[in-house]
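# Residue-level structure breakdown
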Amino acid sequence: MDVNKRGKINKKEFTALLKELEIYSTKEQVDILFGNLDKNKDGDITLQEFIAGLSGLKKGAQMSSELDLTADVLQKQNEVLIKYAHYTTSLILERAEEAAKSNQFKTCFSLFDLLDVTVIKELDDYVGNIVPENFSERYENLKKTLAANRKK
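Quantities reported herein were computed from a predicted structural model and do not represent experimental measurements. (Residues numbered from 1 in each chain as written. Predicted model: local features only at pLDDT ≥ 70, side-chain atom pairs only at ≥ 80, totals over all residues. Heavy atoms only, no water.)

## Observations regarding the packing of aromatic side chains
- Under the counting rule described, the total for this entry stands at one aromatic pair.
- Aromatic side chains Phe14 and Phe34 sit 5.5 Å apart centroid to centroid with 65° between the ring planes, which places their arrangement in the edge-to-face category. Here Phe34 lies in helix α2 (residues 27-37) and Phe14 lies in helix α1 (residues 11-20), a separation of 20 residues in the sequence. (Phe/Tyr/Trp six-rings, centres within 6.5 Å; stacked < 30°, edge-to-face > 60°. Helix = DSSP H or I, 4+ residues; strand = E, 2+ residues; numbered from the N terminus.)

## Topic: the environment of Val30
- If you trace the backbone, Val30 turns up in helix α2.
- Each C-alpha atom, one on Val30 and one on Gln77, is 8.9 Å from the other, the two residues being 47 residues apart in sequence.
- Leave out the neighbours within four places in its chain, and Val30 touches Lys11, Phe14, Thr15, Leu18 and Ser25. (Contact = heavy atoms within 4.5 Å.)

## Regarding the pattern of salt bridges
- The full count for this structure, using the stated rule, is three salt bridges.
- Ionic pairing is found between Lys27 and Asp31, a salt bridge with its closest N-O pair at 3.0 Å. Taken together, the residues span about one helical turn, with Lys27 and Asp31 both in helix α2 at a distance of four residues.
- A salt bridge links Glu97 to Arg138, with the shortest nitrogen-to-oxygen separation between them at 2.8 Å. Note that Glu97 is positioned in helix α5 (residues 71-101) and Arg138 in helix α8 (residues 135-150), a separation of 41 residues in sequence.
- Residue Arg138 is classed as partly exposed on the basis of its relative accessible area of 21%. (Salt bridge = Lys/Arg side-chain N within 4 Å of Asp/Glu carboxyl O. Buried < 20%, exposed > 50% of the residue type's maximum accessible area, 1.4 Å probe, protein only.)

Okay, structure coming up:
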């Protein structure tokens with residue numbers, strides 16, 4: 001995904017991500033999806049832009065009429081966002097757990113802050129399949145580990 005570790009993905013990385021997630025899209029669909037997520041039009045999608053794109057799922061019909069998207073492209077966009085949200089949430093949680101196990105608590109705290117449980121659970125309730133398996137239990141265990149290490 002973020003091949004060069006810049007904290008954002010460009011269109012080439014985005015296209016590769018779609019293929020990795022087995023979401024097959026035409027070039028036109030990729031251009032539209034990428035354009036919808038790249039809010040500041042700098043050629044990259046940041047985590048913040050991605051989250052903003054997720055909030056757009058609830059406004060799908062409105063977004064479709066405003067952007068004149070076909071139903072197929074809108075469906076593809078929702079599919080991409082859901083898979084990417086699941087992938088990103090899982091990855092952040094796994095990396096935070098690995099950092100905690102390695103006593104890299106500064107890294108773990110930073111990653112933990114990216115896991116906004118309220119938003120993640122709200123999105124999961126609305127669109128489904130975003131929260132990784134055992135998310136709540138894993139999150140609480142990580143929270144306890146971090147709390148114990150904040151006291152030290």
